[in-house]
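Results of the structural survey
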Amino acid sequence: MQRYLFHQIVSAAVSMILVLILAGCAPEAEKPLEEVNYRLKWLYNISVVGDLYALDSGLFSKHGLAVNVKPGGPEKDAIKELELGHAQFGVASADQVIRAVSKGSPIVVIAQLFQINPLHWIFRPDKTPLKTPQDLKGLTIGITHGGNDETIMRALLAKYGIQESEVNLFSVRYDYTPFYQGKVDLWPLYRNAQAPIIGAKLQKAGERFDLMDPSRLGIRLVANSVVTTRKMLEERRETVEKFIEALLQGWQEALDPANTDKAIDLVLKYNKETPEEIVRQQLAATRVLMMPSANFEFGTIDTAAWQQTEDIMLAQKLIPVRVYVEKLLKPIKEW
Amino acid sequence: MLHRRIYQFLMIYFIGFAALMLVKYSLNLSDYVIPSLSEIWITCRRYFGLYLLAVINTLSVAILGHILSICMATVVGIIGRLTIWIGSFIRVAAYNIQAYPIVAVAPIIFILLGDGLSSRLLIAAMICYFPLLLSIIGVLSEPVTEIEHFFESTRRMNWKLQVKIRAFENTHKLITVIVGSATLAMVGTIVAEFIAANAGIGYSIRIALYQSDLAKILVALFLIGICTSVYLVFLEWLGIIIKRHIGSV
């Protein structure tokens, strides 16, 4: 009886050791992927090409993550979803981040996507020769009341000492008819997403167009950045690191000229409505806005631009008090 | 009646408000997600007057749109009650057009009419017009056999008399539909303003959404609710007077 019991104990111990050894030898890929949600700022278009690239090329899964990349939209707010726990990562513009933090939202910025804000103003140089900011005087300028473009334009006017009474601010929506009809001289649009489409229409009508870039005039309001919660960064730092590494690699590869065709195919896979030729132009424009120089490290956080964004918002009373934005910037990848 | 409508609205509003606060404090959410009581109060004090004017602006357009849609629905309903092909055609067209979402049609309207009053009016009318039309067609195409039979057998029946008989016999139904469609007119105007107009509470809500300012939206919702309730009470009162008048006739 005792021998039987001894045999039973020994065989159970051997089995357990074998199981432990086999588990240790199991390949890394067989470990279950860690699931996280990533809320984009806008619908699937060229501005999310790197996010889609990281997903489609399996970069997230190589880093042990199963990322649900969710499209954004006008009614979706990544910061609110982070707080509610519906997402672990998101994309938000700097003004959204600063506004949220000023109201106590516990979020941090872990990478900056656009180095130049894509918000530009389109105009017809033949009709509206714009050589210096002072040439804005007397023009009808489109702005979206409450939008980013209003903040940028008001900052621009203030910087160059132009009174608002010296320009005619025109409230704009999705419909470009007032610009096509010439009722509005400058119309706000996203350089990488909309400018190729509107530009093509103007060229088809035999008209020349140009773009006014506020960053060249000294107004550098930061656009899309990747955000997460402070808690996530403190408690799941490894996950944050894996996520950002995969994401930035995805962006770097998507914007690499060698991968142009692959990146275009990817955008067309998720967004079938935009013609390939337009996507090609959009990709080139996106590259300029996100990778200002050849050796630029994608995702770099431009602290000075963030501080300027905060100064502008404070001056325009969009936030009641300073939030000291530099405290929110937590680059995961040190450059 | 006014008191009943107002306190019903206040009850619903404050139940929703309390639920929002419960979520905020139980999940410890920041003021960015759900504003605090003090922030809502400050916003209310700062924007109450401005938003009240915006709601009155919206309500005036909604009332005009509502009147327009009642007139349109009556005219089309009278033609639509016919059993000949034109009546059938109008009924089918009404059902089909109703299926189009206004957000898809609105940009076309704004291209054609601009972003002024006419577009807001038309969209408000369109949103409350189809339910009205369908009800009016339903009422006017349903014969009141026991009364109509008499006039038909004495060969005194004409279209005006037929419409009068059917409307008279269904007064209660028509008034209910008209009162019910008033809220749709308000919703239609707000949607129009949200999409493209430069005035009204829909436009203010749009700006507040751009700024992620839920406090402003809560103030706007409160004022929309109060003003719509007052308009509904007015319509119900008008309905009672009409019914009394008909009863005395």
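Residues numbered from 1 in each chain as written. Chains lettered and ligands numbered in written order. Predicted model: local features only at pLDDT ≥ 70, side-chain atom pairs only at ≥ 80, totals over all residues.

Some thoughts on helix α6 (residues 148-159) of chain A
Residue and element names in this part refer to chain A. Applicable threshold: Helical segments are the DSSP runs of H or I of at least four residues, strand segments are the runs of E of at least two, and each set is numbered from the N terminus. Expected helix span is taken as 1.5 Å per residue step, with the number of steps being one fewer than the number of residues. Working definition of a contact: two residues with C-beta atoms, positioned from the backbone, lying within 7 Å.
Taking 1.5 Å per residue, 12 residues should reach 16 Å; α6 reaches 16 Å between its end C-alpha atoms and fits that length. Structurally, α6 contributes buried residues whose contacts are with α5 (94-102), β5 (119-123), β6 (140-143), β8 (187-190) and α13 (303-315). Taken from the residues just after α6, G161 is the one with a positive phi, measuring 65°.

Concerning the sheet that holds strand β4 (residues 107-112) of chain A
Residues and elements named next belong to chain A. This is how the line gets drawn: For two strands to count as paired, DSSP must find a minimum of two bridges between them. Each axis is a line fitted through C-alpha atoms, and for a helix only the stretch in contact is used; angles between axes span 0 to 180 degrees, taken between their N-to-C directions.
The 5 strands lie next to each other as β2-β1-β3-β10-β4, forming an open sheet whose pairing is mixed. If you trace the sheet from one side to the other, it starts and ends with β2 (65-70) and β4, each paired once. For this sheet the average axis-to-axis angle between neighbouring strands, irrespective of direction, equals 30°. Bridge count between strand β1 (residues 34-39) and strand β3 (residues 89-93): 2 bridges; the pairing is parallel. Bridge pairing in β3 links Y38 to F89. α5 contacts β3, β4 and β10 (224-229) of the sheet and is inclined by roughly 105° relative to β3.

Notes on the sheet that holds strand β9 (residues 210-212) of chain A
Picture the strands of a sheet paired through backbone hydrogen bonds; they go either parallel or antiparallel. All names here are of chain A. An order of β8-β5-β9 is seen for the 3 strands of this open sheet, with the pairing classed as antiparallel. Both outer strands of the open sheet, β8 and β9, are each paired with one neighbouring strand and no more. On average, each strand axis in the sheet is tilted by 45° relative to the strand beside it, whichever way the strands run. The pairing of β5 with β9 spans 3 bridges and is antiparallel. For F123, the partnering residue across the bridge sits in β9 and is D210. Helix-sheet contacts for helix α8 (residues 195-204) involve β5, β8 and β9, and the interaxial angle to β5 is about 5°.

Thoughts on the interface of chain B and chain A
How large an interface is tends to be reported as the accessible area lost when its parts come together. Convention followed: Residues are sorted three ways: Asp, Glu, Lys and Arg are charged, Ala, Val, Leu, Ile, Met, Phe, Trp, Tyr, Cys and Pro are nonpolar, and all the rest, Gly among them, are polar.
In this complex, chain B contributes 15 residues to the contact, which on the side of chain A involves 20 residues. Counting only elements with at least two residues in the side of chain B that touches chain A, the list comes to α4 (102-113) and α9 (201-210) of chain B. Taken together, the residues that form the side of chain B that touches chain A break down as 9 nonpolar, 4 polar and 2 charged.

Looking at the nonpolar core
Put simply, the test is: For this entry, the nonpolar core is defined as buried Ala, Val, Leu, Ile, Met, Phe, Trp, Tyr and Cys residues connected by C-beta atoms within 7 Å. Residues with at least 20 neighbouring C-beta atoms inside 10 Å of their own are called buried, those with 12 or fewer are called exposed, and the rest are partly exposed, where every C-beta is derived from the backbone. Each domain's limits were defined by an automated method or a database of domain assignments.
In this structure, V49, V97 and V227 of chain A together with A124 of chain B are the most contacted members of the largest nonpolar core, which totals 143 residues. Ranked by residue count, the leading element in this core is helix α5 (residues 117-140) of chain B, at 15 residues. Here this core gathers at least three residues from each of two domains, domain 1 (31-116 + 222-328) and domain 2 (119-217) of chain A.

Everything listed is a geometric property; what it means functionally is a separate question.
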